[in-house]
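Architecture at a glance
Letter by letter, the chains look like this.
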Amino acid sequence: ARNDALASNFICRKRKVKMHKVILVLSDALRYDTAVEQMGFLGHLVESKLADLYKVIGELPSMSRPMYETTHTGLPSFEHGVVSNYVVRRSKMPNIFQAARDAGKTTAAVAYSWFSELYNRAPYDMIDDREVDDLSLLIQHGRFYSDDAYPDTELFATAGMLVRKFNPDYLLIHPMGMDDTGHAYGSDSSEYRIHAIRQDTMLSNLIPEWMERGYNILVTGDHGMNIDKMHGGTTPDVREVPLFVIRPGTPGRGNTNEVVSQLQLAPTICKLLGIPVPETMKHPAIVE
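What you see is a predicted model, and the numbers here were worked out from it, not measured in a lab. (Residues numbered from 1 in each chain as written. Predicted model: local features only at pLDDT ≥ 70, side-chain atom pairs only at ≥ 80, totals over all residues. Heavy atoms only, no water.)

**Digging into the overall build of the protein chain**
A count of helices and strands for the protein chain gives 13 helices and nine strands. Taken along its principal axes, the extent of the C-alpha atoms in the protein chain is 50 × 45 × 35 Å. Within the span of the protein chain, comprising 288 residues, buried residues form 57% of the whole. Carbon and sulfur atoms provide 51% of the accessible area of the protein chain, an area that totals close to 11800 Å². Here the protein chain holds 30 positive side-chain charges and 36 negative ones, and the gap between their average locations is 8 Å. (Helix = DSSP H or I, 4+ residues; strand = E, 2+ residues; numbered from the N terminus. Buried < 20%, exposed > 50% of the residue type's maximum accessible area, 1.4 Å probe, protein only. Areas by Shrake-Rupley, 256 points an atom, 1.4 Å probe, with all protein chains shown as cover. Lys, Arg positive; Asp, Glu negative; His and termini not counted. Charge placed at Lys NZ, Arg CZ, Asp CG, Glu CD.)

Structure follows, in structure tokens:
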């Protein structure tokens, strides 16, 4: 009863807020089981019926650049052509950033430089492309980094700044901390688990403000991590990632116990943005 009252009170307060804005937190190498076991604030939102929790089966190969493109195009790697981390070029397929910009929406990202190469310019120039504010680009307000050890604390602070300064309709937040820690210590390490707790704490200080601003917030991973300090294979530890969906003004379902496809993320985000879903995104959206 207490959780239902929590959700009802929040929904009543947010009825008049515009809801066609989305923040996607794409936590690099965040495993499903680790997120569920260690991320207590997100778990609290699920328990309180302020969020939905799904298990996502990631596409293959379970590598970063191919899954960045899959997440934003709704296509498997063989169709979008980014089949490995070594394919350095701009995206050739309809994607969330393009669809949002073409619909008159404002886009932004705090992300690894590979996102700049996929959706703005390739190859990445560490000086010219590090910070951009250009409405002609697909990622109009971009803050990019190229060091895998770039601190998540700095990244989330920059994301908070972009929200307050530009109020983007679509914001991608891409922290690399889970991936960097996993490659150093493995997924069965205390370091990996502790970093999930730290990311959750960082999010706990930002999500309430973003909810007040009317953002739909999705937290997921591009792929997981294994005990061998690597990913790229086909096993559940590198394919299964979480999806937390927070929708101000809409009752949460808690833990849905549902399994969804990574190919559903892109059309879901387009639907939440209130923009046309490109015909190439053929899988159904997760939300109604």
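**Brief notes about the sheet that holds strand 9 (residues 254-261)**
Here we have nine strands laid out as an open sheet, ordered 4-5-3-6-1-7-8-2-9, and mixed in their pairing. In this open sheet, the two edge strands, each paired with only one partner strand, are strand 4 (131-133) and strand 9. Between one strand axis and the next, the sheet turns by 15 degrees as a mean value, whatever way the strands run. Where strand 7 (residues 215-221) meets strand 8 (residues 240-246), four bridges bridge the pair, whose relative direction is antiparallel. (Pairing = 2+ DSSP bridges. Axes fitted to C-alpha atoms, helices over the stretch in contact; angles between N-to-C directions.)

**Some words on the side chain of His141**
Here His141 is to be found in strand 5 (residues 141-145). Taking the relative accessible area as the measure of exposure, His141 reaches 7% and is therefore buried. Side chain to side chain, His141 and Asp133 meet in a polar contact 2.7 Å long. If we ignore the near neighbours within four places in the chain, the residues touching His141 are Thr106, Thr107, Ala108, Ala109, Val132, Asp133, Leu135, Leu162 and Phe166. (Polar contact = N/O pair within 3.5 Å; in protein donor to acceptor, adjacent residues only side chain to side chain. Contact = heavy atoms within 4.5 Å.)

**Details of the packing of aromatic side chains**
Each pair of aromatic rings is reported with the distance of its centres and the angle of its planes. The tally for this structure, following the rule as stated, stands at eight aromatic pairs. Relative to Tyr119, the ring of Phe97 lies with its centre 5.2 Å away and its plane at 45 degrees, an arrangement referred to as tilted. Of this pair, Phe97 sits in helix 6 (residues 96-102) while Tyr119 is found in helix 7 (residues 113-119), placing the two residues 22 residues apart along the sequence. Per residue, the accessibility class of Phe97 equals that of Tyr119, and both read buried. Pairing Tyr112 with Tyr145 gives two aromatic rings, centres 5.5 Å apart and planes at 65 degrees, and the pair type is edge-to-face. Note that Tyr112 is positioned in strand 3 (residues 107-112) and Tyr145 in strand 5, a separation of 33 residues in sequence. Given the relative accessible area of 8%, Tyr112 is considered buried. Overall, Tyr145 belongs to the buried group, its relative accessible area being 2%. An aromatic cluster is defined as three or more aromatic residues linked by ring pairs; in this entry it consists of Tyr68, Phe97, Tyr112, Trp114, Phe115, Tyr119, Tyr145, Tyr150 and Tyr170. Of note, Lys21 hangs over the ring of Tyr215, and the distance from its end group to the ring centre comes to 4.3 Å. (Phe/Tyr/Trp six-rings, centres within 6.5 Å; stacked < 30°, edge-to-face > 60°. Lys NZ or Arg CZ within 6 Å of the ring centre and 35° of its normal.)

**Re the pairing of strand 3**
Counting buried residues along strand 3, six of its six residues qualify, which places the element largely inside the surrounding structure. One ladder, built from four bridges, connects strand 3 with strand 6 (residues 170-173); its direction is parallel. By the bridge assignment for strand 6, Ala109 is matched with Leu172. Alignment of strand 3 against strand 5, held across five bridges, turns out to be parallel.

**Quick word on the side chain of Ser27**
Inspection of the secondary structure assignment puts Ser27 in strand 1 (residues 21-27). For Ser27, a relative accessible area of 1% puts it in the buried group. Side chain to side chain, Ser27 and Gln199 meet in a polar contact 2.8 Å long.

**Points about the packing of helix 9 (residues 177-185) against helix 10 (residues 190-204)**
Where helix 9 contacts helix 10, the axes come no closer than 9 Å and their chain directions differ by 170 degrees. One element, helix 9, and the other, helix 10, form an angle in the roughly antiparallel class. Every residue of helix 10 that contacts helix 9 at Gly177, Met178, Thr181, Gly182 and Tyr185 is listed here: Glu191, Tyr192, His195, Ala196 and Gln199. For the contact of helix 9 with helix 10, the per-class residue count stands at four nonpolar, five polar and one charged. (Parallel < 35°, antiparallel > 145°, perpendicular 65-115°, else oblique. Nonpolar A, V, L, I, M, F, W, Y, C, P; charged D, E, K, R; others polar.)

No statement about biological role is implied by the geometric values presented.
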